[in-house]
Amino acid sequence: MEEADYQLEIKKLSRELRRLKKNNELLRIANDQASRTQAYIQKDINQQIFYINQLLKSSPYLLILTNRQMQTVMISNIYFRHEKEITKAQVQRGLPLHQVLRNYLSPEQSQELMDKCEQVLNGTDVPPYLIKTVIDGRNFDIQVIISPMEQQNEVSGLNLVFVNVTAMVEAIEHAQQADRAKSNFLANMSHEIRTPMNAIVGMSEFILRDCTDSKAKSYASMIRSSSKTLLSIINDILDFSKIESGKMEIINNHFKLTSVISDVHALIRIRINEKPIKFLMDIDHRIPDEQFGDEVRIKQILINLLGNAIKFTNNGSITLKIWTETVPEPNRMYRVYYSVTDTGIGIKKDQLERIFDNFTQVDTKRNRSVEGTGLGLAISKNLVNMMGGNLQVVSEYGRGTTFTFDILTKSRDMSPVGEMSMILSEGIFSQDVFKASFTLKNTRILIVDDNDLNLKVVSGILAPYKATVETATCGAEALIKCAKTRYDLIFMDHMMPVMDGVEAAGMIRKMPFGDVTPIVALTANALSGAAQEYRRLGFQDFLSKPVDPYEMDQVLRRTLPSEMMVPNPAADDTIGHPVNSSQNESDTTWTGPALSAASLAPSGGTGAPFSHLSCELSETDSAAGHEVSGLLVDTRVGLRYCMNNRDFYRKMLDTFVTLNPIDEIDRLFKAEDWINYQVKVHALKSSALTVGARVLSELARGIEQAVRVNDIGYALQHHQELCDVFRETRDLIKSGELEMS
Ligand code: ADP
């Protein structure tokens, strides 16, 4: 071979060698890759096997997989806990099924199982069936489920499931028993705690009444308020445990819707008046007053929903709406819908579903200072369900919430509730000193009232208007004054001894100019529809007592000609439009066509259809009154009625103390002169509220209403308390220890 050829050959060979080397390298890489993939797959398989084993291990059932020869392929681990003689290895090698189950099945049962397995292998469906067996000397019912194991569309074996039905039923019963025991324990404990708690509340009340030491009294007041809160929590737990243990009963009876509304309002208004919120009622006037259902539970639900609305609303309004969608027929079931709408903080969308759960409070960061157990809604929902209805919620975070529930009911008497829609409370909405929005020129006003405090307050409220104001203390004096002077406006108290306001107004109307002078009724019993009623009686308008300066502003605007008014540039813009905008109609429309409204002052009298509180309810709502129960004089309320003018308020407090109506009230009580007693207690109700003496005013309200319906027993029971509270209130005012917020 030539040298050149030789060189060429060497080059070729080395190229070939390089190629082979490269291939070899590639092969090695591929090989590596394959081993890594295999290891990865193996790891994955091991992991899957581990998971399957875990599943089998924790399965409460005995699971057996067999091949077509009915030999075991796999058994759930639970089996080995009971069966010591058979090993896992034996099972994997394939034991005949009848041998695996030899300790549990009789020869007949074993035969039956084999037959059924045979059928399944041959494509027949075999329904699950029960066998009785004995394990460790105990009888058990076992359900057997046999199904084919299919691989590539062929039956390759069997899948057997053995369910110990007896053990499962026992487990469920055991869990239920534990739950019942817990509920019974809660019910018993709550009951046991209630008894001493009642004693604590009662005893602290005795201290408050009988003790003269002011420090001891303030401690007693704290004890009473805390124990009342505690009692309400215990009541919730008691109800909850009753529902849980199935002991809650719904007791249906005939009841009056009007009395439900008035009781509920009486219980919540103290709390509502603590805040600058309006309470509106929108009641479908066609609903029959008489209903059939569990009145106590309906009240409980409403109080809970309204209580929550107050808790979570800081301004705006709360509306209670009651309506029906069908025209009710006598003795036929129909649904009544109740809704409570607030303009409060609202509930986040993702929390809405949870609020009906037991012990659940949502948005706890924001609501840290709000007390509660998180049981109220759970209890309410259960109660509504028990009464054939449903409780639902719609809410917009930051804007407000509406809870709606419906109750199945029926009526025998179809007389409708009538016009009940009204504004029941307006809350304390401003702490600014009141400024009249205008002054009056050449205006002469007469105020007629037998109560000196009222005369002073109304005169004081009118003072910034710069009118000439005169007063008369009875109807006769008013007539004499009207005969001499022509007034541009007369404020006339309704309830006066000897000649009442209606009679006096009637006589003034017959005098020269009397038929053109506007007469505005002053009343502590303003009810829904009051505006029409007073118009019918010959009045132009009415003002509820205690007189709210902002309402006075409105009434003056409505009743006096605008030529007399000179706008007051110093006044706040809102004063002319405090809650309702100025309207020519004295019946103001508030929230839509169904709501014709007459306004009542905070805690103003509720009047005829409203009954005084039942003891049971005041206990249920024990948390409601606790904040004010220890507070004899709420200076915020007093200040509001006195235009937020501290000097004027101090003067009114002095007048209140000097007037001292209690001796006269006591004398009438002893003389059993119930007519005049009622008149005086009625006057005390509003004059006490004028200076913020809310406890006294509430007591007077209860007694007045009772006497009005001839419930003298109630007066006998509470008269002494009225006298005591009056004296305590008077002493407190006299002591000069009142703090003005
Ligand atoms: P609680 O006794 O704690 O008020 P509830 O079951 O009555 O318990 O209410 C549960 C929770 O639902 C409350 O803690 C509050 O977070 C929320 N909630 C209920 N009503 C309202 C409402 N009107 N506005 C905003 N949040 C509300």
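Please read these numbers as outputs of a predicted model, since none were measured by experiment.

1. A word on the overall build of the protein chain
Next, step 1: In terms of helices and strands, the protein chain carries 24 helices and 22 strands.
Next, step 2: The buried share of the protein chain, taken over its 741 residues, is 48%.
Next, step 3: Put simply, of all contacts in the protein chain between residues at least 6 apart along the chain, 70% involve residues at least 24 apart.
Next, step 4: Just so you have it, the protein chain exposes about 37,200 Å², and 53% of that area is on carbon and sulfur atoms.

2. Quick word on the pattern of salt bridges
Next, step 1: Under the criterion given, the structure shown has 26 salt bridges.
Next, step 2: A salt bridge links Arg-19 to Glu-16, with the nearest nitrogen and oxygen atoms 2.9 Å apart. Of the two residues, Arg-19 and Glu-16 both sit in helix α1 (residues 3–58), three residues apart, roughly one turn of that helix.
Next, step 3: Judged by relative accessible area, Arg-19 falls into the partly exposed class, the value being 44%.
Next, step 4: Taking relative accessible area as the criterion, Glu-16 reaches 36% and is therefore assigned partly exposed.
Next, step 5: In this structure, Asp-541 engages Arg-558 in a salt bridge whose closest nitrogen and oxygen atoms are separated by 2.8 Å. Of the two residues, Asp-541 sits in strand β19 (residues 541–544) while Arg-558 sits in helix α16 (residues 549–559), which places them 17 residues apart along the sequence.
Next, step 6: Since its relative accessible area comes to 5%, Asp-541 is described here as buried.
Next, step 7: Several salt bridges converge on common partners, so that one network encompasses Glu-25, Arg-28 and Asp-32.

3. Digging into the packing of aromatic side chains
Next, step 1: Tallying each qualifying case throughout the model produces nine aromatic pairs.
Next, step 2: A ring pair is formed by Phe-438 and Tyr-465, whose centres lie 5.2 Å apart and whose planes are at 55 degrees; its orientation type is tilted. Here the residue Phe-438 occupies a position in strand β14 (residues 438–440), and Tyr-465 occupies one in the loop between α12 (452–462) and β16 (468–472), the gap between them amounting to 27 residues. Grouping residues by exposure puts Phe-438 and Tyr-465 together as buried.
Next, step 3: Ring centres of Phe-669 and Trp-674 lie 5.7 Å apart, and the angle between their planes is 75 degrees; this geometry places the pair in the edge-to-face category.
Next, step 4: Taking NZ or CZ as reference, Lys-116 lies 4.6 Å from the ring centre of Tyr-129, over its face.
Next, step 5: In this structure, Lys-321 is placed above the aromatic ring of Trp-323, and the distance from its NZ or CZ to the ring centre is 4.9 Å.

4. Quick look at the sheet that holds strand β1 (residues 62–67)
Next, step 1: The antiparallel open sheet is built from five strands, whose spatial order is β2-β1-β5-β4-β3. Bordering the open sheet on either side are β2 (72–75) and β3 (129–135), each of which pairs with just one other strand. When the angles between neighbouring strand axes are averaged without regard to direction, this sheet yields 25 degrees.
Next, step 2: Across seven bridges, the pairing between β3 and strand β4 (residues 138–151) is antiparallel. Considered in β4, the bridge of Leu-130 is made with Gln-143.
Next, step 3: Contacts from helix α5 (residues 107–121) reach β3, β4 and β5 (154–164), with the element oriented near 140 degrees to β5.
Next, step 4: Across the sheet, helix α6 (residues 165–210) is in contact with β3, β4 and β5; its angle to β4 comes to roughly 115 degrees.

5. Quick notes on the sheet that holds strand β15 (residues 444–448)
The strands making up a sheet associate through backbone hydrogen bonding, with each pair oriented either parallel or antiparallel.
Next, step 1: In spatial order, the strands read β16-β15-β17-β18-β19; together these five strands make up an open sheet with parallel pairing. Lying at the two open borders of the sheet, with one neighbouring strand each, are β16 and β19. Across this sheet, the average inter-strand angle for adjacent strands is 20 degrees, counted without regard to direction.
Next, step 2: Sheet analysis places β15 next to strand β17 (residues 489–493), joined by four bridges and oriented parallel. Looking at the pairing, Ile-447 lines up with Phe-491 of β17.
Next, step 3: Packed onto the sheet, α16 meets β15, β17, β18 (519–523) and β19 and runs at close to 170 degrees relative to β19.

6. Remarks on the pairing of β2
Next, step 1: The pairing of β1 with β2 spans three bridges and is classified as antiparallel. Across the sheet, Thr-66 pairs through a bridge with Thr-72, a residue of β2.

7. Observations regarding a negative patch on the surface
Next, step 1: Negative charge collects at one region of the surface, where Glu-2, Glu-3, Asp-5 and Glu-9 lie side by side.
Next, step 2: By the element assignment, Glu-9 lies in helix α1.
Next, step 3: For Glu-9, a relative accessible area of 37% translates into the label partly exposed.

8. Observations concerning helix α24 (residues 712–735)
Next, step 1: With 24 residues, α24 should reach 34 Å at 1.5 Å per residue; the first-to-last C-alpha distance of 34 Å fits that figure.
Next, step 2: At His-718, α24 shows its largest kink, close to 45 degrees.
Next, step 3: Among the residues trailing α24, Gly-736 stands out with phi positive, at a value near 70 degrees.

9. Quick word on the environment of His-718
Next, step 1: Inspection of the secondary structure puts His-718 in helix α24.
Next, step 2: The buried category is assigned to His-718, whose relative accessible area is 19%.
Next, step 3: Taking C-alpha positions, His-718 is 7.9 Å from Leu-699, a pair spaced 19 residues apart along the chain.

10. Topic: the pairing of β5
Next, step 1: Of the pairings in the sheet, the one linking β1 to β5 comprises six bridges and is antiparallel in character. In the strand pairing of β5, Leu-62 is matched with Phe-162.
Next, step 2: Bridge analysis of β4 against β5 gives 10 bridges, and the strand direction is antiparallel. By the bridge assignment for β5, Gln-143 is matched with Val-163.
Next, step 3: Linking β4 back to β5 in an antiparallel pair, the connection comprises two residues, with Gln-152 at a positive phi of about 45 degrees.

11. Notes on the environment of Lys-410
Next, step 1: Topologically, Lys-410 is positioned in the loop between β12 (400–409) and β13 (422–425).
Next, step 2: A relative accessible area of 27% means that Lys-410 is categorised as partly exposed.
Next, step 3: As a C-alpha pair, Lys-410 and Tyr-334 span 76 residues in sequence and 6.0 Å in three-dimensional space.
Next, step 4: The residues contacting Lys-410, other than those within four sequence positions of it, are Glu-290, Gln-291, Phe-292, Asn-331, Arg-332, Met-333 and Tyr-334.

12. As for the nonpolar core
Next, step 1: Formed by 64 residues in total, the largest nonpolar core has its most connected members in Phe-491, Leu-556, Tyr-677 and Leu-722.
Next, step 2: The element contributing the most residues to this core is α24, with eight residues.
Next, step 3: By size, the runner-up hydrophobic cluster in this structure holds 47 residues, among which are Phe-255, Ile-303, Val-340 and Met-387.

13. Notes on α5
Next, step 1: Between its terminal C-alpha atoms α5 stretches 21 Å, which fits the 21 Å expected from 15 residues at 1.5 Å a residue.
Next, step 2: Listed in full, the buried residues belonging to α5 are Gln-109, Ser-110, Leu-113, Met-114, Lys-116, Cys-117, Val-120 and Leu-121. The buried residues of α5 occupy an angular sector of 165 degrees when the element is viewed end-on, so they sit on one face. In this structure, α5 carries Pro-107 and Glu-108 as exposed residues pointing more than 90 degrees from its buried face.
Next, step 3: Packed against the buried residues of α5 are α4 (97–100), β3, β4 and β5.

What counts, and at which threshold
Residues numbered from 1 in each chain as written. Predicted model: local features only at pLDDT ≥ 70, side-chain atom pairs only at ≥ 80, totals over all residues. Heavy atoms only, no water. Helix = DSSP H or I, 4+ residues; strand = E, 2+ residues; numbered from the N terminus. Buried < 20%, exposed > 50% of the residue type's maximum accessible area, 1.4 Å probe, protein only. Contact = heavy atoms within 4.5 Å. Areas by Shrake-Rupley, 256 points an atom, 1.4 Å probe, with all protein chains shown as cover. Salt bridge = Lys/Arg side-chain N within 4 Å of Asp/Glu carboxyl O. Phe/Tyr/Trp six-rings, centres within 6.5 Å; stacked < 30°, edge-to-face > 60°. Lys NZ or Arg CZ within 6 Å of the ring centre and 35° of its normal. Pairing = 2+ DSSP bridges. Axes fitted to C-alpha atoms, helices over the stretch in contact; angles between N-to-C directions. Patch = residues over 30% accessible without salt bridge, like charges linked within 9 Å, V, L, I, M, F, W, Y side chains within 5 Å. Lys, Arg positive; Asp, Glu negative; His and termini not counted. Charge placed at Lys NZ, Arg CZ, Asp CG, Glu CD. Expected span 1.5 Å × (residues − 1). Bend = angle between axes of the 7 residues up to and from the residue. Core = buried A, V, L, I, M, F, W, Y, C linked by side-chain atoms within 4.5 Å. Arc of directions from axis to C-beta.

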